[in-house]
Amino acid sequence: MTLTAPAGTARRAWRAVSPYAYIAPFFTLFAAFGLFPLLYTAFVSLYRVELQTPGDMEWRGLGNYAALFTDGFFWISLRNTFTIGVISTVPQLVMALGLAHLLNYKLRGRTFFRTAMLLPYATSVAAATLVFAQLFGRDFGLVNYALGLVGVDPVDWQTDTVASQIAVSTIVVWRWTGYNALIYLAGMQSIPSELYEAAEMDGASRWRQFFHVTLPGLRPTIVFTAVVSTIGATQLFGEPLLFEGSVSGGISHQYQTLGLYMYEQGWGFFHLGRAAAIAWVMFLLILVLVGVNALIVRRRSLKEAGR
């Protein structure tokens, strides 16, 4: 009895501790590579820190944030982030929804088309952006050549504000449409087939089935893709950086995003404190956008539940 009692106590203790031991590696990595950088960035944003002398820190309080809000280029990058995010996210999700609806039917070669959807996502950002930069070239670009065939004058895709933002958004749309289409396809396949059969027996066309069966069933998936795309648009960096190879986002900052602006301040002008402040502004902006999205979804759900 004296030998089994301690063993039983140790076994019960292990049962109580083992769940925490299993999840401890995740929380350890999260604390080291997620939580600590976030808190340290908030700490650095309150100081004047230069890249050449990171050990010399001068207290500024909210001075870095005040400097941002008085910098015209910050507001330009914020506006560009919003406009590029809208003209890349909305067409991307609409096209993904349409492609998923087509792939949901029994087509020949469905497996091939579903695999091909992921090829743009698997392509390197650098490779894709460099190819699109050549396609949108002003003098020898294929896009301007095609426009010339229909009588449209060449467009300066790198210096014009609207044209350059459309060009950058096109790269984002090309890379992420297939990824979101597969997410929508998985959501469509989870909708019970009995709903479609009942709608078909009631004489509903495919369009009515799509609007009254598919879209309501995909609402949580659509909310997820909208939130993820919003976060990605706020953090957009690689595509505008490599489109012309400039951290300023064009000669007049016409497509400089918040990510590029942060990189320019930290590694172009060596102001690490201000770059940290920009990172926290981006973080708070994402929280606000996700919160607004969640509030809209909740209000709509409560409104439909009250019907």
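An account of the accompanying structure is given in this report. Here the structure is a predicted model, which means the values were calculated and not measured. (Residues numbered from 1 in each chain as written. Predicted model: local features only at pLDDT ≥ 70, side-chain atom pairs only at ≥ 80, totals over all residues. Heavy atoms only, no water.)

Quick notes on the layout of surface pockets
Size it by volume and the largest pocket reaches roughly 860 Å³. Lining the largest pocket are 29 residues, with Thr89, Leu93, Ala226, Thr230 and Asn293 sitting closest to its centre. Secondary-structure elements contributing two or more residues to the lining of the largest pocket are α3 (72-103), α10 (206-217), α11 (219-234) and α14 (272-305). Residues that form the lining of the largest pocket fall into these classes: 20 nonpolar, seven polar and two charged. Of the voids in this model, the second largest pocket is the one considered here, and its volume is about 420 Å³. Taken together, 17 residues line the second largest pocket, and the ones lying closest to its centre are Asn104, Tyr105, Ser193, Tyr196 and Gln209. For the lining of the second largest pocket, the secondary-structure elements that each account for two or more residues are α8 (161-189), α9 (193-201) and α10. Within the lining of the second largest pocket, the residues separate by chemical class into six nonpolar, six polar and five charged. (1 Å grid on protein atoms, 1.4 Å probe; cavity = no way out; pocket = protein on both sides within 12 Å on 5 of 7 lines; lining within 4 Å. Points joined across faces, edges and corners; volume = space filled by probe spheres on them. Helix = DSSP H or I, 4+ residues; strand = E, 2+ residues; numbered from the N terminus. Nonpolar A, V, L, I, M, F, W, Y, C, P; charged D, E, K, R; others polar.)

Considering the packing of α8 against α11
Packing of α8 against α11 leaves a shortest axis separation of 10 Å and a crossing angle of 160°. By the criterion of interaxial angle, the relationship of α8 to α11 is roughly antiparallel. Crossing angle aside, the handedness with which α8 passes α11 is right-handed. Residues Asn180, Ile183, Tyr184 and Gly187 of α8 lie in contact with α11, whose contacting residues are Thr221, Ile222, Phe224, Thr225 and Ser229. (Axes fitted to C-alpha atoms, helices over the stretch in contact; angles between N-to-C directions. Parallel < 35°, antiparallel > 145°, perpendicular 65-115°, else oblique. Left-handed = near helix turned anticlockwise from the far one by under 90°. Contact = heavy atoms within 4.5 Å.)

What to know about α10
Taken as a whole, α10 has its buried residues at Gln209, Phe210, Val213 and Thr214. All buried residues of α10 fall inside an arc of 125° around its axis, so they share one side. Within α10, the exposed residues directed more than 90 degrees away from the buried face are Trp207, Arg208 and His212. The secondary structure elements touched by the buried residues of α10 are α3, α8 and α9. (Buried < 20%, exposed > 50% of the residue type's maximum accessible area, 1.4 Å probe, protein only. Arc of directions from axis to C-beta.)

So, the environment of Val247
Along the chain, Val247 turns up in the loop between α12 (238-244) and α13 (258-268). On a C-alpha basis, the gap between Val247 and Tyr263 in space is 7.2 Å, while along the polypeptide they are 16 residues apart. Filtering out sequence-adjacent residues up to four positions away, Val247 remains in contact with Leu241, Gln256, Leu260, Tyr263 and Glu264.

Observations regarding the nonpolar core
Leu97, Ala100, Tyr184, Met188, Ile191, Val213 and Leu218 are the most contacted members of the largest nonpolar core, which totals 17 residues. Of all the secondary structure elements, the ones that give two or more residues to this core are α3, α8, α9 and α10. If you tally residues by element for this core, the top one is α3, at five residues. Not counting chain neighbours up to four residues away, the residues in contact with Leu218 comprise Leu97, Tyr184, Gly187, Met188 and Ile191. Ala133, Trp157, Phe243 and Tyr255 belong to the second largest nonpolar core, which has 13 residues in total. (Core = buried A, V, L, I, M, F, W, Y, C linked by side-chain atoms within 4.5 Å.)

Side note on the environment of Val143
Note on placement: Val143 falls in helix α7 (residues 142-149). Overall, the relative accessible area of 24% leaves Val143 in the partly exposed class. Each residue touching Val143, except ones within four places of it in the same chain, is listed here: Leu135, Phe136 and Trp157.

Some words on a nonpolar patch on the surface
Taken together, Trp14, Val17, Tyr20, Tyr22, Ile23, Phe26, Phe27, Phe30, Leu35 and Leu39 make up a surface patch of nonpolar side chains, about 1100 Å² in accessible area. Assignment of secondary structure puts Phe30 in helix α1 (residues 4-44). (Patch = residues over 30% accessible without salt bridge, like charges linked within 9 Å, V, L, I, M, F, W, Y side chains within 5 Å. Areas by Shrake-Rupley, 256 points an atom, 1.4 Å probe, with all protein chains shown as cover. Salt bridge = Lys/Arg side-chain N within 4 Å of Asp/Glu carboxyl O.)

Section: the pattern of salt bridges
Summed over all chains, the structure comprises four salt bridges. Linked through salt bridges whose partners overlap, the residues forming this network are Arg138, Asp139 and Asp156.

Remarks on the packing of aromatic side chains
Following the criterion strictly, the structure yields 24 aromatic pairs and no others. Judged by centre distance (5.8 Å) and plane angle (20°), the rings of Phe36 and Tyr40 are stacked. One end of the pair, Phe36, and the other, Tyr40, are both in helix α1, four residues apart, so they sit about a helical turn from each other. A relative accessible area of 44% means that Tyr40 is categorised as partly exposed. Centre to centre, the rings of Phe74 and Trp75 are 5.2 Å apart; their planes meet at 75°, and the pair counts as edge-to-face. The exposure class assigned to Phe74 is buried, which follows from its relative accessible area of 2%. On the basis of relative accessibility, which here comes to 43%, the residue Trp75 falls in the partly exposed class. By way of ring pairs, the aromatic residues Phe36, Tyr40, Phe43, Tyr47 and Trp59 are connected into one cluster. (Phe/Tyr/Trp six-rings, centres within 6.5 Å; stacked < 30°, edge-to-face > 60°.)

With respect to the environment of Gly268
Along the chain, the position of Gly268 falls in helix α13. Look at Gly268 and you get partly exposed, because its relative accessible area is 35%. Considered as a pair, Gly268 and Ser248 are 20 residues apart in the sequence and their alpha carbons are 9.4 Å apart.

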